[in-house]
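If you want the building blocks of each chain, they are given just below.
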Amino acid sequence: MLDETPVGDLLHLSTQTRQLFIKAVQALRRPYGVGDLHALDTLSTFMTCVLAKRYTNPSSDIIEVLAGLDQIDTVFGDFVAALEGLIRNGRGPGVECCPHGVGHAQDKRQPADGQEPQQQQQQQPKGKSNCTYTADLQQRAVELALAVSSGAYQTSLLTYFIQRDLFPAIIGCIQSQSSLETSGDETRITRPFMLLGLLANYNKFEFQNPYQMRLNDFVNERVIKDIVKGVGKTCQKLRDQYIDVQEDLPEGWTLANTLNKIGLGAIAPGGKPPPKPVYDADTAKRMFAELPGEEAAVLLATYDFSHANKLFSLELVTGAPRSEKGEDSPFANFISLTSYLLQHAHLSQRTTLYCHLNLMVFRLLIEDPVLCKRMCSDESKVPVRLCRQRSTYLPLVRSERVIATAVMDTMIDAINHNLRRRLDVGLYTLCVGILLRIISYMSRSRTRLQYHWADLFRSLLSLIRFLTTYASDLKGLSHINTLLDHVVNLLALGLSAGETFLPTPAAYDDLFYKVVETGEVLVKFRDTYGLANRASNSIDTLVSVSVHYKEMLGTDGSKAAKGKRTGGQLTSLQVAEVIKQGYETLSIQAKEGLDSWEKYREADERTLLKKMGRQAVGDVGALISRLPWRNRV
């Protein structure tokens, strides 16, 4: 009914709406029976409908509907206080945790051998820690807080949540939800964490947000572990939404698959699995454009915690390895989701924003030398499923791999699949910058990883070809010079210091071969963008290497013509041999500081993070509006 009520009529009904709000808050503060649970459901529906309307003066009109200007401090202050208590530990002291023991119904289990039912009942103390009613109260209080936070995000009402610090209550809720025996639902952890993300982002660039300060100081390792596990499971669920649209993993050989293909599926072990639906290209594209689901709003809180808290970042990278049940580590799921987001980033602005957010998390983690060392070590090996829903494909790796190689694959896929005349310069700068930071660390530490380096350098040189071909469309884009410098300096770093991180001489030779092959494009690239006039890049290194070998190849080509061996054309093997010989006379004059980079500053991403905050608020609002309590009221 409230959904269909016009704003003007709702303001005329303010006497009734105020009474409803006040009575519901009283039911929260002084519960009787299951009245507090019903009051939470009623308030969630009421606040979602009220806050969703378009008002002429949002703050003052909403205040008029809820309490009136003269009573808003008292009434809404009581509301926030009641929410804080419920989120922290359910009902307050002096009140039974649940009416008639309904929250302990699951304790009526079969007694152990030789144990009387009464004895077992005595060994199961009843309290809030194992009360499902308390857990439901906490969860619905969090959902109500999310409804208010997302609906009132652009109004002054949210200042009541800022003034009354809910951080301890939210952490207490996560702690109690994770310790509950029946808790197998990651949303019991991620929704309080999502609430924390919204509150921590509220006007954080305009004033010192107290929730940001709380994130900096938080050191409860147990809660951080629970949050990281919840984030990992949410990432897996969001990733699986993409797989439901298009299965992209090549099917490995099994006896059951073979029998199914030859029509003997009836005798296959486990029977024939139900086929997944296959969608046409237009339908699949439309479905991809609607992804990821609204639960992706948890990624905003993940970014904030990664930026503010070293312990959280450490746990995200190192914690919870692959379990015996075959569950992937949280960080593997985070990388996997990011790879799917990046391959579909072009489909919507919303997906693009989440791509930027996750890439900033990668940048933060890699800029920490301790975490980067861990990511480049064999200790970090985990299996990671990367997106293969669009060609061209990188080599498929099914086994465990060093986590840094999975991150590099994700960046290369992003570079290969988002080339457009209206280039997302920020996304490309992040991707190439992350590659530069990883390879810089590997070069300084002389870390050599087995990796398909040829694909990485091929992608970078293909990017240079694209930038050269469409220079007229790209030259005027904001921050394009930063991207150009990153690409050039990364290739120059490979030429000047490749022996410190490339695993074999053949990989080093292949890089030189590719640069020589792209020589004419490099010269045109330099002249088109005027790179020779800027000291921030090392384009001369690439061009000089190309010229050096072109001269050698020209000499050898003349010899080949005179000898009539190949009609004046050198074979690829002969070119490779010339490259090896050329090292003796080659002098690479690379600029100093190729392996240096600027440390991340959040203020530089202010505009993007504000957009991301608004997007997360919208996703939380859509998520809350579809929860089942609207049908329970």
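Residues numbered from 1 in each chain as written. Predicted model: local features only at pLDDT ≥ 70, side-chain atom pairs only at ≥ 80, totals over all residues. Heavy atoms only, no water.

Going by the annotation in an unreviewed UniProt entry, the name recorded for the chain is Armadillo-like helical domain-containing protein, with Podospora pseudoanserina given as the source organism. Regarding the chain, the relevant UniProt record gives this comment under Subcellular location (unreviewed entry): "Membrane". (UniProt positions renumbered as here; feature names shortened; annotations may be inferred.)

Draft legend 1. Geometry of the overall build of the chain. Per the secondary structure count, the chain includes 30 helices and 0 strands. Residue burial in the chain is summarised as follows: out of 633 residues, 53% are buried. In the chain, the share of contacts with a sequence separation of at least 24, taken over all contacts with a separation of at least 6, comes to 79%. Taken as a whole, the chain presents about 29000 Å² of accessible surface, with 51% of it coming from carbon and sulfur. (Helix = DSSP H or I, 4+ residues; strand = E, 2+ residues; numbered from the N terminus. Buried < 20%, exposed > 50% of the residue type's maximum accessible area, 1.4 Å probe, protein only. Contact = heavy atoms within 4.5 Å. Areas by Shrake-Rupley, 256 points an atom, 1.4 Å probe, with all protein chains shown as cover.)

Draft legend 2. Broad picture of the pattern of salt bridges. Going through the model one piece at a time under the given rule, you end up with 34 salt bridges. With its nearest N and O atoms 3.3 Å apart, the salt bridge here joins E315 to K225. In this pair, E315 sits in helix α16 (residues 310–318) while K225 sits in helix α12 (residues 221–245), placing the two residues 90 residues apart along the sequence. When the shortest N-O distance is used, the salt bridge between R385 and D248 registers 2.8 Å. You can see R385 sitting in the loop between α19 (369–375) and α20 (403–417) and its partner D248 sitting in the loop between α12 and α13 (255–261), a full 137 residues away along the chain. (Salt bridge = Lys/Arg side-chain N within 4 Å of Asp/Glu carboxyl O.)

Draft legend 3. Layout of the nonpolar core. One finds F21, F76, F79, F161, F331, W453 and L456 to be the most contacted residues of the largest nonpolar core, which totals 203 residues. Among the elements that line this core, the one with the most residues is helix α21 (residues 425–445), at 13 residues. Setting aside residues no more than four positions away along its own chain, F21 makes contact with L43, F46, M47, L66, V75, F76 and F79. (Core = buried A, V, L, I, M, F, W, Y, C linked by side-chain atoms within 4.5 Å.)

Draft legend 4. Focus on the side chain of S348. On the secondary structure map, S348 appears in the loop between α17 (330–343) and α18 (349–366). S348 gets classed as buried once you look at its relative accessible area, which sits at 17%. Of the polar contacts made by the side chain of S348, one reaches the side chain of T351; its length is 2.7 Å. (Polar contact = N/O pair within 3.5 Å; in protein donor to acceptor, adjacent residues only side chain to side chain.)

Draft legend 5. Focus on the packing of helix α22 (residues 453–469) against helix α25 (residues 505–517). Packing of α22 against α25 leaves a shortest axis separation of 10 Å and a crossing angle of 20°. Between α22 and α25, the interaxial angle falls into the category roughly parallel. Our pair here, α22 against α25, has a crossing hand that is right-handed. Taking contact as the criterion, the partners of A454, F457, R458 and L461 in α22 are, on α25, D510, L511, K514 and V515. Its residues assigned to classes, the contact of α22 with α25 comprises 5 nonpolar, no polar and 3 charged. (Axes fitted to C-alpha atoms, helices over the stretch in contact; angles between N-to-C directions. Parallel < 35°, antiparallel > 145°, perpendicular 65-115°, else oblique. Left-handed = near helix turned anticlockwise from the far one by under 90°. Nonpolar A, V, L, I, M, F, W, Y, C, P; charged D, E, K, R; others polar.)

Draft legend 6. Structural context of the packing of aromatic side chains. Within this structure, the stated rule accounts for 23 aromatic pairs. Aromatic pair W453 and F501: ring centres 5.4 Å apart, planes at 55°, arrangement tilted. Remark: F501 occurs in the loop between α24 (480–497) and α25 and W453 occurs in helix α22; sequence separation between them is 48 residues. With a relative accessible area of 2%, W453 lands in the buried category. Classification of F501 by relative accessible area gives buried; the value is 0%. (Phe/Tyr/Trp six-rings, centres within 6.5 Å; stacked < 30°, edge-to-face > 60°.)

Draft legend 7. Spotlight on the packing of helix α5 (residues 72–89) against helix α9 (residues 167–179). Packing of α5 against α9 leaves a shortest axis separation of 6 Å and a crossing angle of 30°. Between α5 and α9, the angle is such that the two are roughly parallel. On α9, the residues touching E84, I87 and R88 of α5 are P168, A169, I170, G172 and C173. Broken down by class, the residue content of the contact of α5 with α9 amounts to 5 nonpolar, 1 polar and 2 charged.

Draft legend 8. Representation of helix α26 (residues 519–529) in the model. Along α26, the residues classified as buried are G519, L522, F525, R526 and Y529. Burial along α26 is one-sided: seen end-on, the buried residues are contained in an arc of 120°. Exposed residues on α26 whose side chains face more than 90 degrees from its buried face are E520, K524 and D527. (Arc of directions from axis to C-beta.)

Draft legend 9. The arrangement of the environment of K225 in detail. Assessed through its relative accessible area of 33%, K225 is described here as partly exposed. For K225 and L311, which are 86 residues apart along the polypeptide, the C-alpha to C-alpha distance reads 9.8 Å.

Draft legend 10. Representation of unusual backbone geometry. In this structure, P292 follows L291 across a cis peptide bond, with omega equal to 0°. Mapping P292 onto the fold places it in the loop between α14 (281–289) and α15 (298–308). Residue S391 is joined to T392 through a cis peptide bond whose omega torsion reads 5°. Mapping T392 onto the fold places it in the loop between α19 and α20. Of note in this structure, R446 is not a glycine but carries a positive phi near 55°. Mapped onto the fold, R446 is located in the loop between α21 and α22. In this structure R446 comes out as exposed when scored by relative accessible area, which is 54%. Within the chain, H479 stands out as a residue other than glycine whose phi angle is a positive 65°. Among the secondary structure elements, H479 is positioned in the loop between α23 (471–474) and α24.

Draft legend 11. Seen up close, α20. Here α20 is 15 residues long and its end C-alpha atoms lie 21 Å apart, about the 21 Å a rise of 1.5 Å per residue gives. With 14 of 15 residues buried, α20 lies mostly within the body of the structure. (Expected span 1.5 Å × (residues − 1).)

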